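As a plain string of letters, each chain reads:
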Amino acid sequence: KDLEKGMMGKASKLAPNESCFPSLSLKQRIIGYACCCGAGFILSMLSWIALFKRDMILFAVTYSLGNVITLFSTGFLIGFKKQLKKMFHPTRVWVVIVIFALIALTLLAAILWENAWLALVFIVLQYLAFIWYSLSYIPFARKCAKKLFCNLF
């Protein structure tokens, strides 16, 4: 109980109107986050089975759905309204748009265009964009990643 009160004071300064679930305790929010993040990760990993079975549509749909679920899992921790504000902050708005565009392109490539290689390229780009998005929440991480990439190439 004391830990939860301490964490609520420091880590979670949510106003009741900033969350879809204002009555959830911190512990319940962490469980919601873990379940969504885990489900998204599992969906993304299980999608590779579909790829090995050469079912490109199932692969693209489950991988992309897994990424969307993982992306929105942090809404349980900070509130979905606050998360949307953070997602569309000027420092990361372009990468969020790129992620959703790549998800749409992945689905188009797999379902409408039936081009497995193109869908795979879009999935790799989704993965890279998701990494770049995640780095935006860690101070100086993008700067370090740029430096590392420039030093490697």
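Numbering of residues starts from 1 in every chain and runs along the sequence as written. Restriction of local features to residues with pLDDT of at least 70 applies here, the model being predicted, together with a cutoff of 80 or more for giving and counting side-chain atom pairs; totals for whole chains, interfaces and linings are based on all residues. In computing side-chain values, all of the structure's heavy atoms are included and hydrogens and water are not.

Under the scheme used here, helices are H or I runs from DSSP no shorter than 4 residues and strands are E runs no shorter than 2 residues, and both carry numbers assigned from the N terminus. When its secondary structure is counted, the chain shows 8 helices and 0 strands. In sequence order, the chain lays out its α and β elements as α-α-α-α-α-α-α-α. Under the scheme applied here, a residue whose accessible area is under 20% of the maximum for its type counts as buried, over 50% as exposed, and between as partly exposed, the area being computed with a 1.4 Å probe on protein chains only. Buried residues in the chain amount to 31% of all 153 residues. Within the chain, counting contacts between residues at least 6 apart in sequence, those at least 24 apart form 57% of the total. Method for areas: the Shrake-Rupley scheme with a 1.4 Å probe, in which residue coverage is limited to the protein chains shown. Accessible area of the chain: about 9,900 Å², with a carbon and sulfur share of 74%. Only heavy atoms enter the contact rule, under which two residues are in contact if any of them lie within 4.5 Å.

What follows concerns the nonpolar core. What is meant by a nonpolar core is a set of buried Ala, Val, Leu, Ile, Met, Phe, Trp, Tyr and Cys residues, joined one to another through side-chain atoms within 4.5 Å. Residues Ile 99 and Tyr 133 are the most contacted members of the largest nonpolar core, which totals 20 residues. Elements with a minimum of two residues in this core: helix H3 (56-72), helix H6 (93-112) and helix H7 (116-135). Considering every element that reaches this core, the biggest residue donor is H6, with 7 residues. Every residue in contact with Tyr 133, bar those within four places of it in the chain, is listed here: Leu 71, Met 87, Arg 92, Val 95, Val 96, Ile 99 and Arg 142.

This brings us to the layout of surface pockets. If you add up the space inside the largest pocket, you get close to 360 Å³. Lining residues are defined by having an atom within 4 Å of a point belonging to a cavity or pocket. Those points lie on a 1 Å grid over the protein atoms alone, cavities being sets where a 1.4 Å probe fits but cannot get out and pockets being open sets with protein on both sides within 12 Å along at least five of seven lines. What lines the largest pocket is a set of 15 residues, and nearest its centre among them are Thr 74, Ile 78, Gln 83, Tyr 133 and Tyr 137. Residue assignment for the lining of the largest pocket shows that the elements contributing at least two residues are helix H2 (26-52), H3, helix H4 (75-78), helix H5 (80-87) and H7. The residue classification treats Ala, Val, Leu, Ile, Met, Phe, Trp, Tyr, Cys and Pro as nonpolar and Asp, Glu, Lys and Arg as charged. All others, Gly included, are polar. Among the residues making up the lining of the largest pocket, the classes are represented as 8 nonpolar, 5 polar and 2 charged. Grid points are joined across faces, edges and corners, and a volume is the space filled by probe spheres set on the points. Roughly 230 Å³ of volume is contained in the second largest pocket. Along its surface, the second largest pocket is lined by 13 residues, and Ser 44, Met 45, Tyr 63, Asn 67 and Tyr 127 are the ones closest to its centre. Residue assignment for the lining of the second largest pocket shows that the elements contributing at least two residues are H2, H3 and H7. Considering each element in turn, the lining of the second largest pocket owes the most residues, 6 residues, to H7. Among the residues making up the lining of the second largest pocket, the classes are represented as 9 nonpolar, 4 polar and no charged.

Let us now look at the packing of H7 against helix H8 (residues 141-152). It is at 8 Å that the axes of H7 and H8 come closest, and there the two elements cross at 130°. With respect to each other, H7 and H8 are oriented oblique. Of the residues in H8, those touching H7 at Trp 132, Tyr 133 and Leu 135 are Ala 141, Arg 142, Ala 145 and Lys 146. A fitted line through C-alpha atoms represents every axis, and for helices the fit uses only the stretch in contact; the resulting angles, taken between N-to-C directions, go from 0 to 180 degrees. Roughly parallel means an angle under 35 degrees; roughly antiparallel, over 145; roughly perpendicular, 65 to 115; everything else is oblique.

To pair, rings of Phe, Tyr and Trp, with the six-membered ring standing in for Trp, must have centres within 6.5 Å; the planes then decide the type, stacked if under 30 degrees apart, edge-to-face if over 60, and tilted in the middle. The final tally for this structure, using the stated rule, is 8 aromatic pairs. Relative to Tyr 63, the ring of Phe 59 has its centre 6.1 Å away and its plane inclined at 40°; by these criteria the two rings are tilted. Placement of the pair is Phe 59 and Tyr 63 together in helix H3, with a separation of 4 residues, close to one helical turn. You can call Tyr 63 buried: its relative accessible area is 6%. For the ring pair Phe 149 and Phe 153, a centre distance of 4.8 Å and an interplane angle of 50° mean the geometry is tilted. Of the two residues examined, Phe 149 and Phe 153, each falls in the exposed class. Aromatic rings pair up to connect Trp 48, Phe 59 and Tyr 63 into one cluster.

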